[in-house]
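Next come the chains, spelled out residue by residue.
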Amino acid sequence: EGTSDRQDTEASSQSAHGFHLDSPASVTGGQGGGDRRAIEVNDGLSLAGVVRQVATLVPGEATQSILRLQQNILNNLKSTNKAVTDFNIFSEEKYSSISPDLTKLAKNLKSIKTDLDY
């Protein structure tokens, strides 16, 4: 019975002192100000403290390397996106210039097919 009481006390303590998250500014309509409380973890550390502790688990060189790789990927994606956008504009211009000719040719082919079917 003593073990059960201790487990109940621990469970209620965890729910009472667990993570507490504020609504994001986009949900509350605010600009991130107002009633902003630190996210508290069971041992009393703020979110910033938890982030610092997690950051110490990964060497700084590895973090910097990951950031450089992510920046390279971002630059490549931006470049690719620009190339695709430019190609889409080019394709739209070319299609609009040949569209009337394609319509005439399609009608011609339809007429030829109709003649061949008879």
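These figures come from a predicted structure and were not determined experimentally.

### Side note on the pattern of salt bridges
Opposite charge on two side chains permits them to pair, given that their charged atoms come into close proximity. A complete count under the given rule lists two salt bridges for this structure. The residue Lys82 makes a salt bridge to Asp86 at a minimum N-O spacing of 3.1 Å. Taken as a pair, Lys82 and Asp86 lie in helix H4 (residues 60-117) at a separation of four residues, close to a single helical turn. When the shortest N-O distance is used, the salt bridge between Asp117 and Lys113 registers 3.2 Å. Here the residue Asp117 and the residue Lys113 both occupy positions in helix H4, the gap between them amounting to four residues, near one helical turn.

### Regarding the confidence of the model for the protein
Mean pLDDT over the protein works out to 75, with 62% of the residues at or above the 70 mark. Between the elements of the protein, mean pLDDT differs from a low of 44, seen in helix H2 (residues 25-28), to a high of 94, seen in H4. For the stretch residues 6-41, pLDDT sits under 50, and the model shows 29 contacts to residues farther than four places along the chain or on other chains.

What counts as what
- Residues numbered from 1 in each chain as written.
- Predicted model: local features only at pLDDT ≥ 70, side-chain atom pairs only at ≥ 80, totals over all residues.
- Heavy atoms only, no water.
- Salt bridge = Lys/Arg side-chain N within 4 Å of Asp/Glu carboxyl O.
- Helix = DSSP H or I, 4+ residues; strand = E, 2+ residues; numbered from the N terminus.
- pLDDT = per-residue confidence, 0-100.
- Contact = heavy atoms within 4.5 Å.

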